[in-house]
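Letter by letter, the chains look like this.
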Amino acid sequence: MARQTHTGSCHCGNVRFEVDLDLANGGGKCNCGICRKTRNWSASVKPDAFRLLSDPAASIDYFRNGVVHWPFCSTCGVRPYGHGDIPEAGGPFVSVQLACLDNVDDALLAAAPVRYANGRDNDWWHEPSAAEKAFL
Ligand SMILES: [Zn+2]
């Protein structure tokens, strides 16, 4: 596989985006507070690989932890992407919810590898317990 341009959206379609990524690289799941509660499975890209196609005013920003913005659609509540700047993790990024991509072949998503991170304990380079991984 190679990097391809995908489109994605929230449930109602008021938030729409385009992203260039290689699904063969998969995405990450994490046990931090928001990732666990939203069952986040996302792939991070550099900001220039992400284009918001809709009006930024269609989303409400959520920036509670002061690290990653998680805007959510003000109509349907789905949050198709987040963004932030973490120098230790390579600087500015956009994190796209793989479940919010449109028109992706199910087999491609099913084959995309999952990486797990113990974000809850700020131990990003290790995985959560097997029991917690099974739930995430
Ligand atoms: Zn929406």
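Everything below is about the structure printed above this text.
What you see as residue numbers is a count from 1 along each chain, following the sequence as written. A pLDDT threshold of at least 70 governs which residues receive local features in this predicted model, and a stricter bar of 80 or more applies before side-chain atom pairs are shown or counted, although totals over entire chains, interfaces and linings include all residues. Side-chain descriptors were evaluated using all non-hydrogen atoms of the structure, hydrogens and water having been removed beforehand.

K.L.:
Hey, could you go over the coordination of the zinc ion for me, with residue numbers and the actual values?
P.N.:
Sites may look incomplete, because water is not among the atoms used; the donor set itself consists of N, O and S atoms within 2.8 Å of the metal (3.2 Å for Na, K and Ca). Protein coordination of the zinc ion is provided by C10 (SG), C12 (SG), C73 (SG) and C76 (SG), with donor distances spanning 2.3 to 2.4 Å. Coordination at the zinc ion is tetrahedral: its four donor atoms span angles of 104 to 120° at the metal. Written as a sequence motif, the donor residues of the zinc ion are C-x1-C-x60-C-x2-C. A 1.4 Å probe rolled over the protein chains alone gives each residue an accessible area, and that area as a share of the maximum for its type sets the label: buried under 20%, exposed over 50%, partly exposed in between. C73 gets classed as buried once you look at its relative accessible area, which sits at 1%. Key to geometry: four donors with every angle between 85 and 135 degrees are tetrahedral; four donors are square planar and six octahedral where opposite donors lie over 155 degrees apart and all remaining angles lie between 65 and 115; all other sites are irregular.

K.L.:
Got a sec to walk through the environment of C76? Specific residues and values, please.
P.N.:
Tracing the chain through its elements places C76 in the loop between β8 (72-73) and β9 (81-86). Along the chain, C76 and G13 lie 63 residues apart, while their C-alpha atoms are 8.8 Å from each other. Contact definition: two residues touch when any of their heavy atoms are within 4.5 Å. Ignoring any residue separated from it by four or fewer positions in sequence, one finds C76 in contact with C10, H11 and C12. Starting at the N terminus, helices and strands are each numbered in turn, a helix being any DSSP run of H or I of at least four residues and a strand any DSSP run of E of at least two.

K.L.:
Tell me about the sheet that holds strand β5 (residues 50-52), and please be specific about residues and values.
P.N.:
Ordered by their spatial adjacency, four strands build an open sheet running β5-β2-β1-β11, and the pairing between neighbours is antiparallel. Of all strands in the sheet, those bounded by a partner on one side alone are β5 and β11 (101-102). Strand pairing is assigned whenever DSSP identifies at least 2 bridges connecting the two strands. Sheet topology places strand β1 (residues 4-9) next to strand β2 (residues 16-21); six bridges connect them, and they run antiparallel. Opposite T7, over in β2, you have E18 as the bridge partner.

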